[in-house]
Structure formats: structure tokens, C-alpha cells
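These are the residues of each chain, in order.
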Amino acid sequence: MHKVTSEELFQRALKITPGGVHSPVRSFKGLDRAPVFFTKAEGAFLTSVEDKKYIDFCQSFGPLILGHLDPEVKEEVHRMVDTAWTFGATEVYSLELAEWITTTLPFMQKLRFVSSGTEAVMSALRVARAATGRNKILKFEGCYHGHVDNLLVKAGSGLAGTAASSSAGIPAEVAAQTVVSPLDDEAALEAVFAAQGKDIAAVIIEPLPANYGLLVQRPEFLKKVAELCKKNGSLLIYDEVISGFRVGLGGMVAETGITPDLVTYGKIIGGGFPVGCYGGKAELMNMVAPSGDVYQAGTLSANPVGMRAGLTTLKKMQRLDGWNLLNKRTEKFAQTLRDGLAKKGSDLQVSQVASLFWIHGKTPAPIRSIAQIPANQGGTFKGLFLKALDKGVYLAPNAYEVGFVSWAHSDELLEEAAHIIISAAE
Ligand code: PMP
């Protein structure tokens, strides 16, 4: 009997979905291969329609810090599904997660749950504009904040501090509300603030930029960002959709010792279900409807299944000393990769922070901005990715996406995966 293949399924999908996918990075674009169609996911593994098993370092791009189908989370999800799916009314489940977060992370004085990271960011920007009476938002080149019109922008080709849309369908007037500055560059930031500081409602930053490779920022740069915000009366928004509950319980707020005005979360906070969250200073969050006049709403906001999955995930990580142990495990994995690659004479390098890693070409110094990424990154990655895939390792299918290690990746499995990746390297 003929067994269906990923290639056949992709051809079917291409007929009815743009690019055959529901989110662009899933498409294997530029990799000259149909994306793998999966049927099952458990722990650190994915299973394809061809019944091939892969060690998964994509982990749905970050929500699954415990891995797929964590038994404790699964049990809670089952219990919730047997209890209620959605209320559209007040319930106890979001209250419990909100209380856990606000007591554990005191800088989150008040919060609101939404259904995605994009929604969290969009809502936080609205609050910032309302609070300051200003329109402009400053973002950094190489940071991604979801597909919000305002933030799908790149640096403008003219004057520093201008922006042009990076997607069709975004009016120039909307892009013009955003100001773009390079990462790792205090002087450029000073110049932008000197010229437009009084118009900037907020600066939004991924404090650990992880959407264009892993662009670790110097603490002095992050300090400068906070300082300039304060001086100019602009709010500081940390977008912790990836880094929140990933680098540690307190995310980059704890790591940097900087308390932003607002923080956005997504991914891990919903334990694998669609949840986002924005929050921070109570006086700002009090501006949100119905207590204030910044309107923001959602039919499925604070969905109870996501609330339960999120809370169970976070409590389990806390109970296990999970962040500490997982970060150490990933550090060892990255070192095994580095040692093996060097021994092989490969030029590939590995950047790693907490349970995130990124494989890239040789550079003389740590990569902190997109300008420092080697020009051949796409080609380098393609060869590695396809060989690793054949050997049973699924990396996130794009040269600029980071790898995610989960609690379900044991030391032994990471050792095995490292050897596969090393053998796949040129
Ligand atoms: N902000 C950051 C930092 C992200 O990494 C992402 C998603 N990768 C988003 C916002 C958007 O989140 P979502 O895809 O859930 O809308």
C-alpha cells in the first residue's frame, strides 16, 4: 500500500494555503526541500508521516520548555478539557496564573492575558501611546515583535532613525510612526533620541534578541537604552516573548536588573497553547479597559486550557530547579558541539544562552548586531540543516532561527544530537 509522503502533502497544501503553510518559517523556503509533515510529537521527538523520528530543536519555536506532551502538563490539560473549554466570563483559572505571576515577579504589578505574542505587543504599544500622548515607537534592527503593522519595519534608507515597512500592505504613514536603530550602538541611539526623543512614546526591545540569530547585547547597551528612555520620558517595553520564563524564572528583567515599564510575554506562559500577556506598572495597566480608556479585548483571551498548561509548566520548572539544570545541560551541549566542530576543522561556531543556541559561521567577536552576521550564513546553514535532517535532527528550518532545548532533552540525547550535528557539518 502506498504511504503518503511529506512531498505529496505539501503539494496538496500549496493548492489551498499561501506557500503551503500557516506561518512562513515552516515552509523550508530556500532549502530546496518540501517541509516535513509531522503527525506526532512527544518529549524531545517529532514523528513524520513517513514514520521517521527526529530529535526536535525547534520545539514549536519556544513554548515547550518541558518538551512535547509533558506528562504533568498533559494531565492538567486533560482535566481542564473535561471541565470547560472557554467561558467568555470570569473564572478561577486565569486568576490563579495571574496571581502566581504577580507574586513571583513583583515588577508585574498588573497584567492582562491575550492569545499571542503579537497581540501582547500590539496592546502594550497602545498603552504606551496613551500614557505618553506620543505616537512614535523605537525598535531595533534585528528584533522581531510579531506581525504588528507598526513593527514590521526595517531601517529606512535615508536618514538614521527613519523606517520603511518590511511587508507589503503597510502604509508608509504607519511605518513612519516607527523609528529604527541598530543594536549594540549607543551612539546611534543617542543621536535618534537627540533628534526625536520628545516624540518617542516607547522603546521596545527583545532584551535577548533571538529572532535574527542570537544577538547577545552588552549590559552597558541595555543600561543605555533604559537611561535614555528615562531621560526622554519614553516608556521602556521588554519583549520577553522568547526570553521570558526561558532564560530563568525572572527572564531578562532579572538577568539585567532593569525594570521596564511594560513587559510582553508569550510562548512558555501558555505551555504550548495560544497565550500571550502584557503587564507591568499598575498605573499603566489601569489605563486598559474597562478600568481605563485604552480598549483591548479578546473572545478567547485567558483561555483556561492555556492558563492551566502555563501554570503547570511554570510550577514544574520552579519545583525542579529547572532553569538552572536545563541551562547547564545546554551549556554542556554547546561545548560538545564547539569541541567536535573544532576537531573536525569546521569553521562553524555556536552561540548559546540559557537553553537557546545558534549555529553560525566564524566571526572574530561575538555577534551583537545583524551587520556582524557572516554574509554566507544562509548557505552555511542550508548544508548543515539538510544533512542533520537526513540524520534525524530537526533544527528550526531557517538560518536565523535559534535552537530550543527542552527539559525532555536528556544529557544522553544531547550528546547523540551533538554528534549528529557535528557529522553533518562541513
Ligand atoms: N515577540 C517576540 C520576541 C517573538 O519572538 C515573537 C514570536 N516569535 C512575537 C513577539 C510574536 O509572537 P506570536 O508569534 O505568538 O504572535
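Residues numbered from 1 in each chain as written. Predicted model: local features only at pLDDT ≥ 70, side-chain atom pairs only at ≥ 80, totals over all residues.

The protein has the name Glutamate-1-semialdehyde 2,1-aminomutase in an unreviewed UniProt entry, where Bdellovibrio reynosensis is given as its organism. Quoted straight from UniProt, the Subcellular location (unreviewed entry) entry for the protein says "Cytoplasm". Annotation of the protein in UniProt includes, under Catalytic activity (unreviewed entry), the sentence "(S)-4-amino-5-oxopentanoate = 5-aminolevulinate". (UniProt positions renumbered as here; feature names shortened; annotations may be inferred.)

## A word on the overall build of the protein
Looking only at helices and strands, the protein has 13 helices and 16 strands in total. The C-alpha radius of gyration of the protein comes to 21 Å, within 12% of the 22 Å expected for a compact globule of 426 residues. Its C-alpha atoms give the protein principal-axis dimensions of about 65 × 55 × 45 Å. Classification of the 426 residues of the protein by burial places 48% in the buried group. Here the contacts in the protein between residues at least 6 apart in sequence split such that 72% fall between residues at least 24 apart. (Helix = DSSP H or I, 4+ residues; strand = E, 2+ residues; numbered from the N terminus. Rg over C-alpha atoms; globule rule 2.2 N^0.38 Å. Buried ≥ 20, exposed ≤ 12 C-beta atoms within 10 Å, placed from the backbone. Contact = placed C-beta atoms within 7 Å.)

## Section: the sheet that holds strand E2 (residues 45-48)
Two modes of strand pairing occur in sheets, parallel and antiparallel, and in both the strands are linked by backbone hydrogen bonds. Spatially, E1-E2-E3-E15 is the arrangement adopted by the 4 strands of the open sheet, whose pairing is mixed. One side of each edge strand has no neighbouring strand; the edge strands of this open sheet are strand E1 (38-42) and strand E15 (393-394). Relative to strand E3 (residues 53-56), E2 runs antiparallel, the two sharing 3 bridges. Each residue of the ladder has a partner; that of phenylalanine 45, found in E3, is isoleucine 55. (Pairing = 2+ DSSP bridges.)

## A look at the domain arrangement of the protein
By domain assignment, the protein separates into domain 1 (6-69 + 320-424) and domain 2 (71-319). Once you take the C-alpha centre of each, domain 1 and domain 2 turn out to be 25 Å apart. Taken residue by residue, the interface counts 26 residues in domain 1 and 32 residues in domain 2. Looking at the side of domain 1 that touches domain 2, the elements that each hand over two or more residues are helix H11 (322-344), strand E13 (349-353) and strand E14 (356-360). Ranked by residue count, the leading element in the side of domain 1 that touches domain 2 is E14, at 3 residues. (Domains from an automatic or database assignment.)

## Things to note about the site of the ligand
Taken together, 15 residues surround the ligand, and among them Ser116, Gly117, Thr118, Gly146 and Val241 come closest. In terms of residues, the shell around the ligand owes the most to one element, helix H4 (residues 117-132), which gives 3 residues. Tallied by class, residues from the shell around the ligand come to 5 nonpolar, 8 polar and 2 charged. (Near = placed C-beta within 6 Å. Nonpolar A, V, L, I, M, F, W, Y, C, P; charged D, E, K, R; others polar.)

## Considerations on the UniProt feature "modified residue: N6-(pyridoxal phosphate)lysine" (unreviewed entry) in the protein
UniProt records the feature "modified residue: N6-(pyridoxal phosphate)lysine" (unreviewed entry) at Lys267, using the numbering of this structure. Structurally, the position occupied by lysine 267 is in the loop between strand E11 (262-265) and strand E12 (276-280). Discounting chain neighbours no more than four positions away, the residues touching lysine 267 are Gly62, Pro63, Gly117, Val241 and Ile242.

## Some thoughts on helix H2 (residues 71-81)
The set of residues buried in H2 consists of Val73, Glu76, Val77 and Met80. Relative to the axis of H2, the buried residues are bounded by an arc of 100° and lie together on one face. Away from its buried face by more than 90 degrees, H2 exposes Pro71, Glu75, His78 and Arg79. (Arc of directions from axis to C-beta.)

## Focus: unusual backbone geometry
For the bond from alanine 289 to proline 290, the omega torsion is 10°, close enough to zero to count as cis. Tracing the backbone through its elements, the reader meets proline 290 in the loop between helix H9 (282-285) and helix H10 (304-319). Phi is positive for phenylalanine 61, which is not a glycine, with a value near 65°. By the element assignment, phenylalanine 61 lies in the loop between E3 and H2. A positive phi angle is found at aspartate 184, which is not glycine, with a value near 60°. As for its position among the elements, aspartate 184 is in the loop between strand E8 (178-182) and helix H6 (186-196).

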